[in-house]
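Secondary and tertiary structure notes
Next come the chains, spelled out residue by residue.
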Amino acid sequence: QSVLASQKSLRHRKPCKHFELYYHDILFNGTNAANATSTKVANQSLPGNFNFGMLVVFNDPITKDNHLLSPPIARAQGLFFYNKKDDYNAWFAFTLVFNSSQHKGTINIMGADLMAEETRDFSVVGGTGDFFMTRGIATIRTDTLQGAYYFRLKMDIKLYECY
Amino acid sequence: QSVLASQKSLRHRKPCKHFELYYHDILFNGTNAANATSTKVANQSLPGNFNFGMLVVFNDPITKDNHLLSPPIARAQGLFFYNKKDDYNAWFAFTLVFNSSQHKGTINIMGADLMAEETRDFSVVGGTGDFFMTRGIATIRTDTLQGAYYFRLKMDIKLYECY
Amino acid sequence: QSVLASQKSLRHRKPCKHFELYYHDILFNGTNAANATSTKVANQSLPGNFNFGMLVVFNDPITKDNHLLSPPIARAQGLFFYNKKDDYNAWFAFTLVFNSSQHKGTINIMGADLMAEETRDFSVVGGTGDFFMTRGIATIRTDTLQGAYYFRLKMDIKLYECY
């Protein structure tokens, strides 16, 4: 059996790195440009109540605790869009950008945000700098949702390949 | 020679998982909201005949056979856009979302849809749940194209890393 | 210690493949359709000077040297958008498509383009054909910037997993 056996036991391993983060998104509402961290690139285009087609580009602060005003330890740069007719549901692709004395580097992430589920898993598909070539899972949970213009996610990042 | 030899022989291995799927896309045309599974987020913006710049967001049913009305075994959630001046050509990023008694989890995919080729290869860049950390190749083929509002792809998914 | 030790020494290895490329982007300005290789899909939507929210779809020629008119050895197909309020900063996802006698296949890339840094690292998250299942790092550097409608990047691609 080769070293590259196709059935590996990584699933039951502990992550090589594991940390929790909070992600804050403040959508531009026409008047909050100073505070906004994201903006609609396209409006909903399929009729209905759940924003199907609305696409948002973001540069969102990431904090260690759930306080919006805590010092950001990273930024999440990317996009999401809503894509369901009968419920809220989204799709994300983004980069966590770390640039502090503790961590320098990026983590690249993509996946479906199945908002009807309490937790949802994205794929960590790569990384750079301190996170060189990493892979893993980012589990998210909606921590709060305040109207249409602020939401906060709790992100639990488990890296299973570290180099 | 290290375990992580840079030249590995995965290429000639059999996939650890292999399955075929059909992907159905019904574009919103202004009057078919009940049936539509995708919607234009941006219209073509570069003049010409091949939709360069048209961007579509989708939540498309995935079936085991080529019948649109077969029970979906997954959804494909993501986006594509056209990006060629002198022919149809697209770029895709999406997540296959499985939520059945047989499979729970997601597969994350991206790549260029070189529509002039009979088959095109996307990268499977990650997975979650039953597809934890998977990687591989998704080969697609246009199965049918019915005007501007319905197309069907045959997807041949070969996973070479399974955990 | 398992074969899949979570701390691996890939970081200090030499890449299994290493090459430099130049990426040329000519944005459609309303009158240059014949030469343009990219087009705005959405205009800036957050007020300010740095195009936050502007999203561009591209099919850009890749050359071996820095001459725009050198024969392309590949195309870069994908999207980028600007996402910062107080400086230029972008996010990219794209596929390098090789179709020559030398190379056939694709390389899939995503990451944050931290334009304030002299060099920025993207993740190579997968590949097909000659680049089957590859992973690595693409380091970019702005080689030139000519007004709002032409820029050139130097890309240094280091692949650390080759199959």
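Residues numbered from 1 in each chain as written. Chains lettered and ligands numbered in written order. Predicted model: local features only at pLDDT ≥ 70, side-chain atom pairs only at ≥ 80, totals over all residues. Heavy atoms only, no water.

**Quick notes on empty space enclosed by the protein**
The condition is simple: Using protein atoms alone on a 1 Å grid, points that fit a 1.4 Å probe yet trap it form a cavity, whereas open point sets bounded by protein on both sides within 12 Å along at least five of seven lines form a pocket; residues with an atom within 4 Å of a point count as lining. Grid points are joined across faces, edges and corners, and a volume is the space filled by probe spheres set on the points. Ten residue types, Ala, Val, Leu, Ile, Met, Phe, Trp, Tyr, Cys and Pro, are classed as nonpolar, four, Asp, Glu, Lys and Arg, as charged, and the remainder, Gly among them, as polar.
The full count for this structure, using the stated rule, is two cavities of 30 Å³ or more. Of the voids in this model, the second largest cavity is the one considered here, and its volume is about 80 Å³. Taken together, L79(A), W91(A), A93(A), M110(A), L79(B), W91(B), A93(B), M110(B), L79(C), W91(C), A93(C) and M110(C) make up the lining of the second largest cavity. Split into classes, the residues belonging to the lining of the second largest cavity amount to twelve nonpolar, no polar and no charged.

**Considerations on the pairing of strand β4 (residues 74-82) of chain B**
Residue and element names in this part refer to chain B. The condition that has to hold: Summary of the burial criterion: residues with accessible area below 20% of their type's maximum are buried, those above 50% are exposed, and those between are partly exposed, where the area comes from a 1.4 Å probe applied to protein chains only. Helix and strand assignments come from DSSP, with helices taken as H or I runs of at least 4 residues and strands as E runs of at least 2, each series counted from the N terminus. Strand pairing follows a simple DSSP-based rule, namely that at least 2 bridges must link the two strands.
Where burial is concerned, most of β4 is hidden: eight out of the nine residues are buried. Inspection of the sheet shows strand β3 (residues 55-63) paired to β4 by eight bridges, in the antiparallel sense. When the bridges of β4 are listed, V56 appears paired with F80.

**Some details on the pattern of salt bridges**
Which entries qualify depends on this criterion: The salt bridge definition used is simple: a Lys or Arg side-chain nitrogen within 4 Å of an Asp or Glu carboxyl oxygen.
One pass over the structure, following the stated rule, counts 19 salt bridges over all chains. One salt bridge in this structure joins R152(B) and D143(B), with 2.7 Å as the shortest N-O distance. The class for D143(B) is partly exposed, based on a relative accessible area of 30%. Here the salt bridges share partners, and the residues they tie into one network are R135(B), E161(B), R135(C) and E161(C).

**Remarks on the interface of chain B and chain C**
Basically, it comes down to this: When checking whether two residues touch, look at their non-hydrogen atoms; a contact exists if any pair is within 4.5 Å. Side-chain atoms alone can form a polar contact between residues adjacent in sequence; in general such a contact is a pair of N or O atoms within 3.5 Å, and within protein one must be able to donate a hydrogen while the other accepts it.
Between chain B and chain C, the residue contacts involve 38 residues of the former and 44 residues of the latter. Seen at the junction of chain B and chain C, the total is one salt bridge. With its nearest N and O atoms 4.0 Å apart, the salt bridge here joins R135(B) to E161(C). Between chain B and chain C we count 18 residue pairs in polar contact (both at pLDDT 80 or more) in total.

**So, the interface of chain A and chain B**
Quick note on the threshold: Summed over both partners, the accessible area lost on bringing two parts together, with a 1.4 Å probe, is the buried area.
Contacts between the two partners involve 39 residues from chain A, matched on the other side by 42 residues from chain B. Each partner contributes to the roughly 3200 Å² buried at the junction of chain A and chain B, and carbon and sulfur atoms together form 62% of this total. Counting across the interface, chain A meets chain B through zero salt bridges. Counting only elements with at least two residues in the side of chain A that touches chain B, the list comes to β4 (74-82), β5 (90-99), β6 (104-113), β7 (120-129), β8 (135-146) and β9 (150-161) of chain A. Take the side of chain A that touches chain B: its biggest share by element is four residues, from β7(A).

**Comments concerning the relation of the copies chain B and chain C**
Defined as follows: We superpose the copies by least squares over the C-alpha atoms of residues that have a pLDDT of at least 70 in both of them.
For the match of chain B to chain C, the screw axis carries a shift of 0.0 Å, the RMSD comes to 0.0 Å, and the turn is 120°. Put plainly, the chains are arranged around a three-fold axis. Considering only C-alpha atoms, the part of chain B nearest the rotation axis is V125(B), at 3.5 Å.

**Side note on the pairing of strand β3 (residues 55-63) of chain A**
All names here are of chain A. Most of β3 sits out of view: nine of its nine residues are buried. Of the two faces of β3, the one carrying L55, V57, N59, P61 and T63 and the one carrying V56, F58, D60 and I62 are both buried. Across two bridges, strand β1 (residues 17-26) lies against β3 in antiparallel orientation. In the strand pairing of β3, Y23 is matched with I62.

**Comments concerning the relation of the copies chain A and chain B**
Here chain A sits on chain B after a turn of 120° about the axis and a move of 0.0 Å along it, with an RMSD of 0.0 Å. Looking at the interface residues of chain A, only 18% of them are also at the interface in chain B, so each copy uses its own face.

**Observations concerning the side chain of R120(A)**
All names here are of chain A. Topologically, R120 is positioned in strand β7. Within the structure, R120 has its side chain in polar contact with the side chain of D113 (distance 2.6 Å). Reaching out from R120, the side chain makes a polar contact with the side chain of T142 at a distance of 2.9 Å. Apart from residues no more than four positions distant in its own chain, R120 is found in contact with A112, D113, L114, M115, A138, T139, I140, R141, T142 and L153.

**Examining the state of the cysteines**
Note: disulfide means a covalent bond formed between the sulfur atoms of two cysteine side chains. Residues and elements named next belong to chain A. What counts, and what does not: Disulfides are defined as cysteine sulfur pairs within 2.5 Å.
Within the structure shown, the criterion is met by three disulfides over all chains. Put simply, C16 and C162 are joined by a disulfide, and their sulfur atoms are 2.0 Å apart. Across the disulfide from C16 to C162, rotation about the S-S bond amounts to roughly 85°, and the bridge is consequently right-handed. Taken together, the residues C16 in the segment before β1 and C162 in the segment after β9 connect sequence positions 146 residues apart.

**Some remarks on the packing of aromatic side chains**
Stated formally: Each Phe, Tyr or Trp ring, with Trp reduced to its six-membered ring, pairs with another whose centre is within 6.5 Å; inter-plane angles below 30 degrees give stacked pairs, above 60 give edge-to-face pairs, and intermediate values give tilted ones.
Applying the stated criterion to the full structure yields 63 aromatic pairs over all chains. Where F92(B) meets F94(B), the ring centres are 6.1 Å apart and the plane angle is 75°; that geometry is what we call edge-to-face. One exposure class covers both F92(B) and F94(B), and it is buried. Here the aromatic rings of F58(C) and F92(C) are separated by 6.0 Å at their centres, their planes lie at 50°, and the arrangement is tilted. Of this pair, F58(C) sits in strand β3 (residues 55-63) while F92(C) sits in strand β5 (residues 90-99); the two residues are 34 residues apart in sequence, bridging distant segments of the chain.

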